[in-house]
Amino acid sequence: MPEPILTLTGLDAFYGDFQALYGVDLEVSEGEVLAIIGANGAGKTTLLRSIAGLIGNEASQITYRGRSIGNARPDVVAQMGLAMVPEGRQLFPSLSVEENLMIGGRVNREGPWNLRKVYDLFPILEERKAQASTSLSGGQQQMVAIGRALMANPDLIMFDEISLGLAPVIIRDIYKALPGIVGGGMSAVIVEQDITKALAVSSRVYCLQEGRVSLEGRSDAVSREDIARAYFGVE
Amino acid sequence: MNTDIRVSRTSNAAKVAAALGALIVVILIAAPYWAGRADLRLMGEVFLYLALASLWNLLAGYAGLVSVGQQAYVGFGGYMLFALTIFAGLPPLVAIALAGVLGALISIPVAALIFRLRGAYFAIGTWVMAEVFRLVFAQVSALGGGSGTSLPTDIVRSMADDRSAREALSYWLALGAALIVVTAVYLLLRSRKGLALTAIRDNELASASLGIDIWRTKFFVYVVTSGLTAVIGALIFLQKLRISPDAAFSVNDWTAFVIFIVVIGGIGTIEGPIIGTLVFFLLRETLADLGTIYLMVLGLVAIVVMLKAPHGIWGFIRHRFNLQLFPLGYRVVIADHTKGV
Amino acid sequence: MDFLNAVVQGTLLGGLYALFAAGLSLIFGVMRLVNIAHGDLIVLAAYLGLTTTVVLGVHPLVALIVVVPAMAGIGYVLQRGVLNHTLGDDILPPLLVTFGLSVIIQNALLEGYSADPQKMDAGVLETASVALGPLSLGLLPLLTFAIAVAVIAGLQWTFYRTPLGRAFRATSDNQDIAQLMGLNKRHVFGLAMALALAVTAVAGILLGIRTSFDPSVGGGRLIFGFEAVIIGGLGNLWGTLVGGVILGVAQTLGATINPGWQLLAGHIAFLVILAVRPNGLFPRISG
């Protein structure tokens, strides 16, 4: 088994006095696609925000390539090669499509991704590059959000609910593009409501329930019954 | 286990504070009989600042209306005292009360305009209004224009014949005004409107969804505060006996100091302005010789408090000792009889 | 004739007000901060300019070479050292901290320079004028207006055509996501304040050449700048220039009727626009 590049060790996360994660242990290996599933409020987004540095944690609870980053600032985490496609796209409304992509390239890391490559992956974006990002359809906005994260040439890319609010045909297109994105050694963490999709694209899966890991296993080995139990906590 | 849970508004500390407070008020009322002339004057000033600070605290700390232009109403009240006594021949006490009514009235169109500005821009908008007031009064030549005017001696004499009686009266007015203002703020905050205010302060969106009319509640507080501030303004210039646009509408004297008092004492609490006023005068009386340095220190202390202890001195004490001298909220009292405490 | 002259002079005066306003508008646009000490920082820049001209014996406009970077540095340090700690959902901390700052700057200037009015000597620039038909246009007001247009064009370019401007806009749109793009928001805010105070330095020097100043005049400059921002519409730099011009024209027109009405007329123009168009003439962002 390859060395893990990201390790969570007993991760606790808080919003003020409210605890959202309880002692989560998780590993992501080099080149691996990991899926995280769970009901609403199970702590999936909190988990990604903790890794990205948007929520402060104990330094030692998150290590990335041997460095403790639990309390690192989000911009520092980004520079180290972790990128995120946030839930709901969250493009910058006052930036054009191309500017949104360029701001993603600000971290200036070496790698295969640049404007040209992103436009090759999503040709529609090149046609729309001068438009305001808010004028695009939901699916196109999701492409910008993915392209923006790729522009950073990350080693690990995190997708938060990429299919949320999109038409099924768009979701299919985006998932079709996924192998081309995460190939070439890049690791990915995918948070997804659609369990079938999540299992199809990932090699391993974690299920969260009320802030705790309730299931962990190979995506092709977990049964529907296991997942139902881990998801809802019912026998 | 014999546990008795009650919901109570009061506490032992509040009862002790009320008794102690009553005693202090009696001693203060008697001050003209035991204090010297300079002390009496200083204490009068303390009370007027306490009143201004309590009013600004109501406005900014509870209603979220951060004004840096309350000097508009201080100056307006002062000028109304002079105008109503000199031109309309009203007795000073009547003029003071009327100044309050007029201050509240004029604040209605002002609020209608500046309530269009939000947050920090509202703050500067209030300052513009104060400037407008200053420039308008500077144009009134019957009140001395830009250089100002003094209260004619016959009007001063009409209050009381000899000087010490006048000074005692002036002192009692200031003390009375401070007591009325602090009590009024306290009662307002205990009322339904007060609960609405606290709700708005804590979460504007949520309280709007509960059907609290935020605009009207804030408007009401602004008008009441402005009227009362005008009364205090009239009392301030009754003490000074002389008024000019620059003194009447001074942003430093009537807003900067007041803000520092509230911030240092503890914004959003009734006790804060009282403590802040005491600290402010303590600093002023000990450091006043330093002049500009003293003001820089004051500004610095306010910044440090805002950054490091945003709830001020009182917030620190309350947090440390769980004290509340003016009980506003309800608290759950658990009496655990098994421990026999 | 008097009327036309007043309008032209007021327009040129509006350039100075736009310079007062541009920095305010910039930092509000990037971090929603309203800096009450802005006027006092303009006055501080004027004093720095005065000291530079006296110590180095240079022309006030040459002093810009010293004062602009100095103010930018002060802005960066101020933002990172103090103002960044005040930003958040609550509007009280930034307001009260900059208010405290205002008092500190004012009294520090009083301590250092006394309350006596000062003025910078710009030689012939102060008196030279250009005849335009029946009008006589002062060279200094013309230059001030031209600088204002250039500064606003430069800010506009920076905002919409450079990586720095992209960073400003992205951080303004969504601080969290901007940080995920590797932007350190504290640094971005520091740069925004540095740029704002660099503009303030230009405004301060031009103010100090045009009129005499003393430590107490900051509040008035803040108010003029603020009025220009609101008249023009929040977040719109060119709108700020229009706002400055409207304010300047209202003041000079008021002054032709009665010298005592100069400032009052400006405030009244502001209040009328606030009553009729509460979001200003060309709003870009909602307050």
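Here the structure is a predicted model, which is why all the values come from computation and not from measurement.

This brings us to the overall build of chain B. A tally of helices and strands in chain B yields 16 helices and 4 strands. Expressed as a percentage of the 341 residues in chain B, the buried residues total 43%. Across chain B, every contact between residues at least 6 apart in sequence was considered, and the portion connecting residues at least 24 apart equals 77%.

Helix and strand content of chain C: 11 helices and 2 strands. The helix and strand sequence of chain C, counted from the amino end, reads α-α-α-α-β-β-α-α-α-α-α-α-α. Computed over its C-alpha atoms, the radius of gyration of chain C comes to 19 Å, within 12% of the 19 Å expected for a compact globule of 287 residues. Reported as C-alpha extents along the three principal axes, the dimensions of chain C are approximately 60 × 50 × 35 Å. Taken over 287 residues, chain C has a buried fraction of 59%. Long-range contacts, defined here as pairs at least 24 residues apart, represent 75% of the contacts in chain C between residues at least 6 apart.

On to the interface of chain C and chain B, then. The interface is formed by 35 residues belonging to chain C together with 33 residues belonging to chain B. Mapped onto the side of chain C that touches chain B, the elements with two or more residues apiece are helix H4 (92–113), helix H9 (218–232) and helix H11 (262–276) of chain C. Looking at which element gives the most residues to the side of chain C that touches chain B, the answer is H4(C), with 15 residues. Here the side of chain C that touches chain B is composed, by residue class, of 25 nonpolar, 8 polar and 2 charged.

For the rest of this paragraph, the subject is the pairing of strand E9 (residues 204–209) of chain A. All names here are of chain A. Taking burial as the measure, the 6 residues of E9 include 5 buried ones, the bulk of the element. Judged from the 5 bridges that link them, strand E3 (residues 33–38) and E9 form a sheet pairing that is parallel. In the strand pairing of E9, Leu-34 is matched with Arg-204. Bridge count between E9 and strand E10 (residues 212–218): 6 bridges; the pairing is antiparallel.

Right, let's get into the arrangement of the chains. Ranking the 2 pairs of chains in contact by contact count places chains B and C at the top. Kept free of each other, chain A and chain B leave a smallest C-alpha distance of 16 Å between them.

The next point concerns helix H11 (residues 214–240) of chain B. Look at H11(B): 38 Å from first C-alpha to last across 27 residues, which is about the 39 Å you get at 1.5 Å a residue. Leu241(B) sits one or two positions beyond H11(B) and adopts a positive phi of about 65°.

Moving on to the nonpolar core. Nonpolar side chains in soluble globular proteins tend to be buried together. Counting residues in each nonpolar core, the largest one holds 280 residues, and the members touching the most others are Met80(B), Ala177(B), Ala234(B), Leu235(B), Leu19(C), Ala192(C) and Val202(C). Of the residues forming this core, the biggest block, 18 residues, is contributed by helix H8 (residues 185–210) of chain C. Each residue touching Ala234(B), except ones within four places of it in the same chain, is listed here: Gly77(B), Gly78(B), Met80(B), Leu81(B), Ala95(B), Ile96(B) and Ala99(B).

Before going further, it helps to examine the packing of helix H2 (residues 38–56) of chain C against H9(C). Each pair of packed helices gets described by two things: the angle between the helix axes and the distance between those axes. All names here are of chain C. Remark: H2 packs on H9, axes separated minimally by 7 Å, with the N-to-C direction vectors making an angle of 120°. In terms of their interaxial angle, H2 and H9 are classed as oblique. Judged by the sense of rotation from one axis to the other, the crossing of H2 with H9 is right-handed. In contact with His-38, Gly-39, Asp-40, Ile-42 and Val-43 of H2, H9 contributes Gly-218, Gly-219, Gly-220, Arg-221, Leu-222 and Gly-225. Looking at the contact of H2 with H9 residue by residue, the class counts come to 3 nonpolar, 6 polar and 2 charged.

Residues and elements named next belong to chain B. Running from amino to carboxyl end, helix H8 (residues 163–190) crosses helix H9 (residues 192–202) at an angle of 80°, the nearest separation of the two axes being 4 Å. When the axis of H8 is compared with that of H9, the two are roughly perpendicular. Residue-level contacts link Leu-188, Leu-189 and Arg-190 of H8 to Lys-193, Gly-194 and Leu-197 of H9. Grouping the amino acids of the contact of H8 with H9 by side-chain chemistry returns 3 nonpolar, 1 polar and 2 charged.

So, about the interface of chain A and chain C. In this assembly, 21 residues from chain A lie in contact with 13 residues from chain C. Elements that contribute at least two residues to the side of chain A that touches chain C include exactly helix H2 (74–79) and helix H3 (97–104) of chain A. For the side of chain A that touches chain C, the residue count by class is 13 nonpolar, 4 polar and 4 charged.

Before going further, it helps to examine the confidence of the model for chain B. In the predicted model, chain B carries a mean pLDDT of 86, and the fraction of residues at 70 or more is 89%. Within chain B, helix H4 (residues 71–86) of chain B carries the highest mean pLDDT (96), whereas strand E4 (residues 331–336) of chain B carries the lowest (54).

Moving on, we get to the UniProt feature "transmembrane region" (unreviewed entry) in chain C. Residues and elements named next belong to chain C. Sites flagged by UniProt as "transmembrane region" (unreviewed entry) map to residues 12–34, 41–71, 91–110, 131–155, 188–209, 221–247 and 259–276. As annotated, residues 188–209 has a helix share of 100% and a strand share of 0%, and its two end C-alpha atoms lie 32 Å apart. Counted over residues 259–276, helix gives 83% and strand 0%. Its end C-alpha atoms are 27 Å apart.

Below, the discussion takes up the sheet that holds strand E2 (residues 18–29) of chain A. All names here are of chain A. As summarised here, the arrangement of the 4 strands in space is E2-E1-E4-E5, forming an open sheet in which the pairing is antiparallel. Each edge of the open sheet carries a strand with a single partner, namely E2 and strand E5 (67–68). Bridge count for strand E1 (residues 4–15) against E2 is 8 bridges, and the pairing is antiparallel. Pairing of Tyr-15 across the sheet is with Phe-18, part of E2.

Once that is clear, we can look at the sheet that holds strand E7 (residues 156–160) of chain A. All names here are of chain A. Pairing in this open sheet of 6 strands is mixed, and the strands run E6-E7-E8-E3-E9-E10 from one edge to the other. Two strands in the sheet have a free side with no partner beyond their single neighbour: strand E6 (82–85) and E10. Pairwise comparison of adjacent strand axes, ignoring direction, gives a mean angle of 15° for this sheet. Bridge count for E3 against strand E8 (residues 187–191) is 4 bridges, and the pairing is parallel. In the sheet register, Val-33 faces E8, and the bridge partner there is Ala-188. Along the sheet, helix H9 (residues 224–232) makes contact with E3, E9 and E10, crossing E9 at roughly 35°.

Our next topic: the confidence of the model for chain C. In low-pLDDT regions, the fine details of the predicted coordinates are not to be read closely. Summarising the model, chain C shows a mean pLDDT of 93, and 99% of its residues fall at 70 or more. Interface confidence for the predicted complex, expressed as ipTM, amounts to 0.92; the pTM equals 0.90.

Another point: the pairing of strand E1 (residues 129–132) of chain C. Residue and element names in this part refer to chain C. By the bridge criterion, 4 bridges tie E1 to strand E2 (residues 135–138) in an arrangement that is antiparallel. Across the sheet, residue Ser-129 finds its bridge partner in E2, namely Gly-138. What sits between E1 and E2 in their antiparallel hairpin is a turn of 2 residues, with Gly-133 showing a positive phi close to 60°.

The rules behind these values
- Residues numbered from 1 in each chain as written.
- Chains lettered and ligands numbered in written order.
- Predicted model: local features only at pLDDT ≥ 70, side-chain atom pairs only at ≥ 80, totals over all residues.
- Helix = DSSP H or I, 4+ residues; strand = E, 2+ residues; numbered from the N terminus.
- Buried ≥ 20, exposed ≤ 12 C-beta atoms within 10 Å, placed from the backbone.
- Contact = placed C-beta atoms within 7 Å.
- Rg over C-alpha atoms; globule rule 2.2 N^0.38 Å.
- Nonpolar A, V, L, I, M, F, W, Y, C, P; charged D, E, K, R; others polar.
- Pairing = 2+ DSSP bridges.
- Expected span 1.5 Å × (residues − 1).
- Core = buried A, V, L, I, M, F, W, Y, C linked by C-beta atoms within 7 Å.
- Axes fitted to C-alpha atoms, helices over the stretch in contact; angles between N-to-C directions.
- Parallel < 35°, antiparallel > 145°, perpendicular 65-115°, else oblique.
- Left-handed = near helix turned anticlockwise from the far one by under 90°.
- pLDDT = per-residue confidence, 0-100.
- UniProt positions renumbered as here; feature names shortened; annotations may be inferred.

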